Structure formats: structure tokens, C-alpha cells
Amino acid sequence: MKRIVSGIKPTGSLTLGNYIGAIKQFVKLQKARENDEFFLFIADLHAITTRQIPHELRKRTLDIAAMYLACGLDKERTTLFIQSEIPQHAELGYILQSNVYMGELERMTQYKDKLESNDVSISSSLFTYPALMAADIILYDADYVPVGDDQKQHLELTRDIANRFNHYYSDFFTVPEPLIPEVGARIMDLQNPEKKMSKSENNPKGYITLFDDEKTITRKIKSAKTDSLGIIKYDPLEQKGLANLINIFASISDISINQIVDKYKNSDYKTFKEDLAKTLVDVLIPIQLKYQEIINSNELNEILDKGRSIASDYAFKKMRKCKRKIGLGRK
Ligand code: AQP
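The structure displayed is predicted, hence computed values, not measured ones. (Residues numbered from 1 in each chain as written. Predicted model: local features only at pLDDT ≥ 70, side-chain atom pairs only at ≥ 80, totals over all residues. Heavy atoms only, no water.)

Caption draft 1: Structural view of the side chain of T61. The topology assignment puts T61 in helix α3 (residues 54-70). Residue classification places T61 among the buried residues on the basis of a relative accessible area of 5%. When residues no more than four places from it in sequence are discounted, the contact partners of T61 are P10, I42, D44 and I82. (Helix = DSSP H or I, 4+ residues; strand = E, 2+ residues; numbered from the N terminus. Buried < 20%, exposed > 50% of the residue type's maximum accessible area, 1.4 Å probe, protein only. Contact = heavy atoms within 4.5 Å.)

Put into C-alpha cells, the structure is as follows:
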């Protein structure tokens, strides 16, 4: 039996990027790996690395949990919990900060991108974020972590940190492997296909959220940036915007990129976009209906209580052993 661990930050409404790169993959894995164990948490501690409005943060935390369930997560086979409800994440995060070097953290592209944005209010926790992320994963001895391409570097650092700890204190943490989808690992912004689609992006035309209605989805796809070539082929270098839309189409409908191109090669952008919008609506609207059912029931709290209890039990035991190994406390 293997353990698969994943998390998602409640920093905004979930986007199509989060759905394709993380949620859909997680649900698919769960169907394919019947004997494995699945831990999934809402990473609210990571969310506060940037300023959040308290009541919105709390609402989004529950929204994301409900959305995962609406997307097909098997509640019987998932330990679903909220990161901040398990204090051992922060405790191990601090210990791992002492096992990661400044130079390693400075090399993280997500941090470098923030620095380049010239934002003067970058919190110190944004810098140490990868240590907490490593803690989230190795606290539960994860074997696999499904992530989009953007998190690959953080996961490599997690492996380095785990290996370093094991080397110094003797084998203790499982060293996790990333699981990155072949298609859809990096969904790009609809208005600027040079950068990835993000839920905290300022321009809402750049992303589709899982809560967008039919009209909004259609409008956003219609206005997605393409090019003036007018030829439907998959060319991520010369036709970035179109390639992104083809990627979205392939991921959402589980059809290969080649099949999509073959189907539309004699068509035009307008028809292609209309069909893509319709496919997205057909996938997202039923998820939204299911989400409404879940968010308005008591079941979500029961699932989160159960998840907290299982995660807490594991985390408590692991940390007790970890502190003993390091020499912290009396025994
Ligand atoms: N554009 C994307 N394409 C594919 N996968 C993506 N993921 C995020 N954006 C894309 C994957 O979603 C999971 C959860 O991500 P997260 O919320 O923990 O953090 P993130 O990667 O920083 O996501 P965002 O949407 O870009 O959030 P903000 O705007 O707050 O920084 C991860 O597995 C990620 O790979």
C-alpha cells in the first residue's frame, strides 16, 4: 500500500488550472489505485503567506473541501482535513527550516518571481514556504505527491530535505516521488499565455474558476488570446494561446492532443472555441450543482472531523518519534 498526499491553498476561487493540474488528477489516481491511501488537506497556513481577509479565508477553506468532493473525491477513501487543525505541520515545518539552506530557498523560482514583482511586503513565510510544504508531505510519509509542473521544484527540494534529514539522523522520513500529469501539467493564463493560470491573478479574464456560470465561461473562452495565423495545430512555441486551449480541451475531455488537432485542423478558431466552451460547461455545471448540495449539508463537517482525527493521530506519533530522534525535550 502506498500513501498519496496532496494539498491546495485557499487563496482564491479554484481555477481550471487547479482542477486539471491537481484535482482531476487526484480523483483519477484514486480510481486507478484501489489499494492506496489518500491524504488531502486544505493548506490554509500556506494561504496566509499573503494577506487574507479572515472570513473569506475560512469560507474558501470549506469551499475547496466541498469542491474536491463535488469533483468526485471518494470520501470513504480520503483523509480530508484542514492543515492548521494539525499543529504538527507548523512544528515540523520549523524543524525543517533548520535543515534547509538559505541558498536553496533563494533558488526557488516562485520566490524569485515574487521578488521581481517588486512587492515590498513579501512576508518571511513566503521565503520559508518550501520547508512547510516539505513538512506537509513527509509528516505523513507520503510515497507520491500529485502536483502540477509549477510545484516540481518545491517537491525536489522536499526530497533533498528528507534525504538530508535521513542521512544525518538515520532513516526516518519516506522520500516522496512527484506525480505530474502528461497533459495539463501547466495551464496558462487565457490573456497572457506566457504565465500560468493562477487563482490570485488580478485580471479575472485570465482564468476560469470552477464557479463560473455558462455565460462567463463562454465569454472568457471567446476572448482568450490566440494569434492571427488562423491554423489549428499544436505549436506551444509559435501559437502559445491556441496550444493552451488545446491542452485544456484535451485534459478536460480525456482526448489526446492529436485527436483534438485532427478533429479541428480544417476548422476555425471560432468553432473550436465554441466547442471548447460547451465541453467546459458540460463538465463544470454538474460539479457546481453537486458542490451546492455538499456545502449546504452537515456532511462536510463530519468528513473534516474524521479527517482531522486520522491525520492528527498519524502526525502526533510521527512528531513524537521525530523529536526524540533530534534530541528535543526530555524524552
Ligand atoms: N495553472 C496551473 N496548471 C496546472 N496545475 C496547476 N496548479 C496550480 N496552478 C496550475 C496545481 O494546483 C495545485 C494546488 O496549487 P496551490 O493552490 O497549492 O498553489 P499554486 O500552485 O500556487 O496555485 P495557484 O492557483 O497559482 O495559487 P496562487 O495564485 O495563490 O499562487 C498544485 O498541485 C499546483 O501544481
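That shown, we press on.
Caption draft 2: Broad picture of the environment of L16. Within the secondary structure, L16 sits in helix α1 (residues 16-32). Look at L16 and you get buried, because its relative accessible area is 0%. Measuring from C-alpha to C-alpha, the distance between L16 and K205 comes to 12 Å, with 189 residues separating the pair along the chain.

Caption draft 3: Just a positive patch on the surface, in detail. Taken together, R320, K321, R324 and K331 make up a surface patch of like positive charges. You can see K321 is positioned in helix α13 (residues 299-326). (Patch = residues over 30% accessible without salt bridge, like charges linked within 9 Å, V, L, I, M, F, W, Y side chains within 5 Å. Areas by Shrake-Rupley, 256 points an atom, 1.4 Å probe, with all protein chains shown as cover. Salt bridge = Lys/Arg side-chain N within 4 Å of Asp/Glu carboxyl O. Lys, Arg positive; Asp, Glu negative; His and termini not counted. Charge placed at Lys NZ, Arg CZ, Asp CG, Glu CD.)

Caption draft 4: Representation of the packing of α3 against α13 in the model. Between α3 and α13, whose axes approach to 11 Å, the crossing angle comes to 95°. In terms of orientation, α3 lies roughly perpendicular with respect to α13. Contacts from L62, A65, A66 and L69 in α3 reach L300, I303 and L304 in α13. (Axes fitted to C-alpha atoms, helices over the stretch in contact; angles between N-to-C directions. Parallel < 35°, antiparallel > 145°, perpendicular 65-115°, else oblique.)

Caption draft 5: Region of interest: the site of the ligand. Taken together, 22 residues are adjacent to the ligand, and D150, K196, S198, K199 and S200 come closest. Measuring from an oxygen atom of the ligand, one finds a backbone N or O atom of G148 at 2.8 Å. At 2.5 Å from an oxygen atom of the ligand is found a side-chain nitrogen or oxygen belonging to D150. Protein coverage of the free-state accessible area of the ligand, which is 640 Å², stands at 94%. Elements that contribute at least two residues to the shell around the ligand include exactly β1 (3-8) and α1. (Near = heavy atom within 4 Å. Polar contact = N/O pair within 3.5 Å; in protein donor to acceptor, adjacent residues only side chain to side chain.)

Caption draft 6: Region of the structure containing the domain arrangement of the chain. Taken domain by domain, the chain comprises domain 1 (3-185 + 298-326) and domain 2 (204-292). Listed as interface residues are 17 residues of domain 1 and, on the opposing side, 17 residues of domain 2. Surface buried jointly by domain 1 and domain 2 totals about 1500 Å² across both partners, of which 75% is contributed by carbon and sulfur atoms. Three residues, L16, M67 and V183, lead the burial of domain 1 against domain 2; their summed loss comes to 35% of the area buried on that side. Summed over the shared surface of domain 1 and domain 2, the number is two salt bridges. K24 is the partner of D254 in a salt bridge, and the nearest nitrogen-oxygen pair spans 3.0 Å. The interface formed by domain 1 and domain 2 includes six residue pairs in polar contact (both at pLDDT 80 or more). Only α1 and α3 provide two or more residues apiece to the side of domain 1 that touches domain 2. (Domains from an automatic or database assignment. Buried area = accessible area lost by both parts, 1.4 Å probe.)

Caption draft 7: Focus on the packing of aromatic side chains. Applying the stated criterion across every chain yields a total of 18 aromatic pairs. Seen from their ring centres, F39 and F81 are 6.3 Å apart, and the 80° between their planes marks the pair as edge-to-face. Taken together, the positions of F39 in strand β2 (residues 37-42) and F81 in strand β3 (residues 78-82) put the pair 42 residues apart, joining distant regions of the chain. Judged by relative accessible area, which is 0%, F81 ranks as buried. Centre to centre, the rings of Y264 and F272 are 5.3 Å apart; their planes meet at 85°, and the pair counts as edge-to-face. Members of the aromatic cluster, joined through ring pairs, are F39, F41, F81, Y140 and Y314. Across the ring face of F39, the terminal group of R3 is positioned such that the distance to the ring centre comes to 5.6 Å. (Phe/Tyr/Trp six-rings, centres within 6.5 Å; stacked < 30°, edge-to-face > 60°. Lys NZ or Arg CZ within 6 Å of the ring centre and 35° of its normal.)

Caption draft 8: Highlighting the pattern of salt bridges. By the definition in use, this model includes 24 salt bridges. E274 is the partner of K270 in a salt bridge, and the nearest nitrogen-oxygen pair spans 3.2 Å. Of this pair, K270 and E274 both sit in helix α12 (residues 269-295), four residues apart, roughly one helical turn. A salt bridge links K317 to D313, with the shortest nitrogen-to-oxygen separation between them at 3.3 Å. Placement of both K317 and D313 in helix α13 is noted, with a separation of four residues, approximately one turn of the helix. Classification of D313 by relative accessible area gives partly exposed; the value is 41%. Shared partners join several salt bridges into a network, and the residues in it are K24, K28 and D254.

Caption draft 9: Representation of helix α11 (residues 257-264) in the model. All buried positions along α11 are accounted for by I257, I260, V261 and Y264. The arc that holds every buried residue of α11, seen down its axis, measures 95°, which confines them to one face. Opposite its buried face, α11 presents the exposed residues N258 and K263, each directed more than 90 degrees away. The inward-facing, buried residues of α11 contact α10 (240-253) and α12. (Arc of directions from axis to C-beta.)

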